[in-house]
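Chain by chain, the residues:
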Amino acid sequence: METEFTPEQSFKLINQIIENKRISYEENGNNILMWGIAVMVAGIGQYVLAYTSIGAKSGIIWVFTMIPMFIYTFYSFYKKEKNSRGRINNSYEWNVSGMAWLMAGCMAMLNGFIFQRYYGIGFTTVMFLPFGVAALITALTIKKNSFIYLTLLAISVAFYAMFIPFKYHSLVTALIAFLMFFLPGLLLNREFKKRNNV
C-alpha cells in the first residue's frame, strides 16, 4: 500500500533534505580550516626560507605541506563515506561543491608542480582563481554571506597580486589562504559548535 504525502508533508521533507545537505557541506569547518593553516604555513615558510642559505629551494616547503594535506583530505573523505554507509540520503555521488574543490585542488597541484614556469607574475592569480570559484560555489550553496564576502575579497587579492613584486607572492598566498580558507573555517566551526551545543 502506497502512502500519499500531503503538500505540507512533501514541503517539509524537501526542506529537511535541503537542510541535511547544507549541514553536510558545513560539517564542522575543520577541513577548510586545516587547509588554511597549511597554506599559510607554506606561504610564510617559503618567504622566510627564501632569505636563508637554501633560498633557491624554498619552494620545497609546498611539497611537505600540500601533498600530506591532499592525502589527509582523501583519507578523511573515505573515512566519512565509510562511516555514513547505511544512512539515508548518503552515497558516493559527488556534490557540486565537492567536485569544484577536487578540480581546484588538482589544477593547483598541476600548476604548482608542473606548469609554474609558464605563468610569471600571474602565477599566484592562476593558482587561486579555481579555489575562488570552488569557495564561491560552496559559500552560495550553504548561503553564508560572510563566506561569500571573504571569498570575493580573496579573489580581489589574487588579481591584485599581479601588481605586487614576485618576492612577496608567498606572503600574498598566506593572506589569500587566511581570507578564503582560515576565516571561513573558523566561522563554520563556530556555527557547528553552536548548533551542537559544544
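Note that residues are indexed from 1 along each chain, following the sequence as it is written. Side-chain atom pairs in this predicted model are given and counted only at pLDDT of 80 or more, local residue features only at pLDDT of at least 70, and totals for whole chains, interfaces and linings cover all residues. Hydrogen atoms and water are omitted, and side-chain values are computed over all heavy atoms in the structure.

A.B. asks: I keep staring at the packing of helix H5 (residues 123–142) against helix H7 (residues 169–195) and nothing clicks. Help me out?
C.D. replies: What describes two packed helices is the angle between their axes and the distance between those same axes. Here an angle of 0 to 180 degrees is reported between the N-to-C directions of two axes, which are lines fitted to C-alpha atoms, with helices fitted over the stretch in contact. Every helix listed is a DSSP run of H or I at least four residues long, and every strand listed is a run of E at least two residues long, numbered separately from the N terminus. Running from amino to carboxyl end, H5 crosses H7 at an angle of 10°, the nearest separation of the two axes being 11 Å. Taken together, the axes of H5 and H7 are roughly parallel relative to one another. Helix-helix and strand crossings are classified by hand; for H5 and H7 the assignment is left-handed. Residues Thr124, Phe128, Phe131, Gly132, Ala135 and Ile142 of H5 touch H7, and the partners they reach there are His169, Val172, Thr173, Ile176, Met180, Phe181 and Leu188. We call two directions roughly parallel when the angle between them is under 35 degrees, roughly antiparallel when it is over 145, roughly perpendicular when it lies between 65 and 115, and oblique otherwise. For any pair of crossing helices, the crossing counts as left-handed if the nearer helix is rotated counterclockwise from the farther one by less than a right angle, and right-handed if it is rotated clockwise. Contacts are assigned to residue pairs that have any heavy atoms within 4.5 Å of one another.

A.B. asks: Honestly, the packing of helix H6 (residues 145–160) against H7 in this entry has me stumped. Any pointers?
C.D. replies: Relative orientation of the contacting elements H6 and H7 amounts to 175°, with a least axis distance of 9 Å. As far as their axial angle goes, H7 and H6 are roughly antiparallel. Of H7, the residues touching H6 (which contributes Ser146, Phe147, Leu150, Leu153, Ala154, Ile155, Val157 and Ala158) are Val172, Leu175, Ile176, Leu179, Met180, Leu183, Pro184, Leu187 and Leu188. Of the residues assigned to the contact of H6 with H7, the class counts are 16 nonpolar, one polar and no charged. Any residue that is not Ala, Val, Leu, Ile, Met, Phe, Trp, Tyr, Cys, Pro, Asp, Glu, Lys or Arg is counted as polar, Gly included; the first ten are nonpolar and the last four charged.

A.B. asks: What's the story with the layout of surface pockets in this structure? I'm lost.
C.D. replies: Rolled over the atoms, a probe with the dimensions of a water molecule shows which regions are left empty. Grid points spaced at 1 Å and placed over the protein atoms alone form the basis of the search, with a cavity being a set where a 1.4 Å probe fits but cannot get out and a pocket an open set showing protein on both sides within 12 Å along at least five of seven lines. Lining residues have an atom within 4 Å of a point. Grid points are joined across faces, edges and corners, and a volume is the space filled by probe spheres set on the points. A volume near 820 Å³ is recorded for the second largest pocket. In this structure, the second largest pocket is lined by 33 residues; those nearest its centre are Gln46, Gly59, Trp62, Gly112 and Phe123. Breaking the lining of the second largest pocket down by element, the ones donating at least two residues are helix H2 (30–49), helix H3 (60–84), helix H4 (96–113), H5 and H7. Among the residues making up the lining of the second largest pocket, the classes are represented as 20 nonpolar, 11 polar and two charged.

Honestly, that's just the spatial picture; any functional story needs more than this.
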